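Results of the structural survey
Below, each chain spelled out in residue letters.
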Amino acid sequence: MQNMKMLVSAVTASICLIASGSVSAMTTKAEYTAAKDKAKADYKVADDRCGSLSGNAKDVCKAEAKGARKKADAAAEADYKHTPKARRDAAMAAADADYDVAKQKCDAKTGNDKDVCVKEAKVVQTKAMGDAKAMEKSTTARNDAAEDTRDAKYKVAIEKCDGMSGDAKTACKNDAKSTYGK
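So, how was this worked out
- Residues numbered from 1 in each chain as written.
- Predicted model: local features only at pLDDT ≥ 70, side-chain atom pairs only at ≥ 80, totals over all residues.
- Heavy atoms only, no water.
- Helix = DSSP H or I, 4+ residues; strand = E, 2+ residues; numbered from the N terminus.
- Expected span 1.5 Å × (residues − 1).
- Buried < 20%, exposed > 50% of the residue type's maximum accessible area, 1.4 Å probe, protein only.
- Contact = heavy atoms within 4.5 Å.
- Salt bridge = Lys/Arg side-chain N within 4 Å of Asp/Glu carboxyl O.
- Disulfide = S-S within 2.5 Å.
- Core = buried A, V, L, I, M, F, W, Y, C linked by side-chain atoms within 4.5 Å.

**Section: helix 3 (residues 55-81)**
- Along its 27 residues, helix 3 runs 39 Å from first to last C-alpha, staying within 8% of the 39 Å computed at 1.5 Å per residue.
- Within helix 3 the residues assigned to the buried category are V60, C61, A63, A65, G67, D73, A74, A76, A78 and D79.
- Looking at the buried residues of helix 3, the elements they touch are helix 2 (29-50) and helix 4 (84-106).
- The positive-phi residue at the C-terminal boundary of helix 3 is H82, with phi of around 55°.

**With respect to the pattern of salt bridges**
- All chains considered together, the criterion is met by 13 salt bridges.
- Among the ionic pairs, D42 bridges to K38, the shortest N-O distance being 2.7 Å. In this pair, D42 and K38 both sit in helix 2, 4 residues apart, roughly one turn of the helix.
- Judged by its relative accessible area of 52%, K38 is exposed.
- Through salt bridges with shared partners, one network takes in K85, R88, D89 and E136.

**A short note on unusual backbone geometry**
- We note that H82 has phi near 55°; this positive angle belongs to a residue other than glycine.
- For H82, the location among the structural elements is in the loop between helix 3 and helix 4.

**Looking at the state of the cysteines**
- Here the structure, examined in full by the defined rule, presents 3 disulfides.
- Here C50 pairs with C61 through a disulfide, and the sulfurs are 2.0 Å apart. Residues C50 and C61 share a disulfide whose torsion about the S-S bond is about -80°; that sign makes it left-handed. You can see C50 sitting in helix 2 and its partner C61 sitting in helix 3, a full 11 residues away along the chain.
- Between the sulfur atoms of C161 and its disulfide mate C172 the distance is 2.0 Å. Looking down the S-S bond of the C161 and C172 bridge, the torsion is -80°, so its handedness is left-handed. Highlighted residues: C161 in helix 5 (residues 111-161) and C172 in helix 6 (residues 166-180), separated in sequence by 11 residues.

**Topic: the nonpolar core**
- Within the largest apolar cluster, 6 residues are counted, these being A91, M92, A95, A128, M129 and A132.
- Mapped by element, the contributors of at least two residues to this core are helix 4 and helix 5.
- Counting 5 residues, the second-largest nonpolar core is a separate cluster that includes A78, A86, A90 and A93.

Quick look at the structure:
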């Protein structure tokens, strides 16, 4: 149970970081490609480390390596696209990766303990996916509210300009347009 609490905390933190956009936003195709290449190289190194293991330990190691790559690829995609949907997709990929690792860890158990372990892992995944969807909606709502506010402020600024004339009015309107991105 303690492991599940730690897993829930780790997954929630990952999703918050990904979905909030706190991860530095990549803007170029070259940076995106470099991040994908790094994820591939890191995966190969991690997968090679699994070679000396056997049994469930090897399966867990391989699942962790695949999960890390899946998370890195999804984060690179989210940083490149820089949209709430891409952040949600990255958070969901992280939830899936964590679930796959947790299931492998559960394979070391037997009987009811294994069944409970798998169901607890599924609960963590389901919560993480719900959190990712909620963060996407709240981010979209915040973005919409900010845009509505910017539009309203622009209208007020233009209205203030209507009391002016000539070059002052033109300068006022140009200033409003540049200030509010119109």
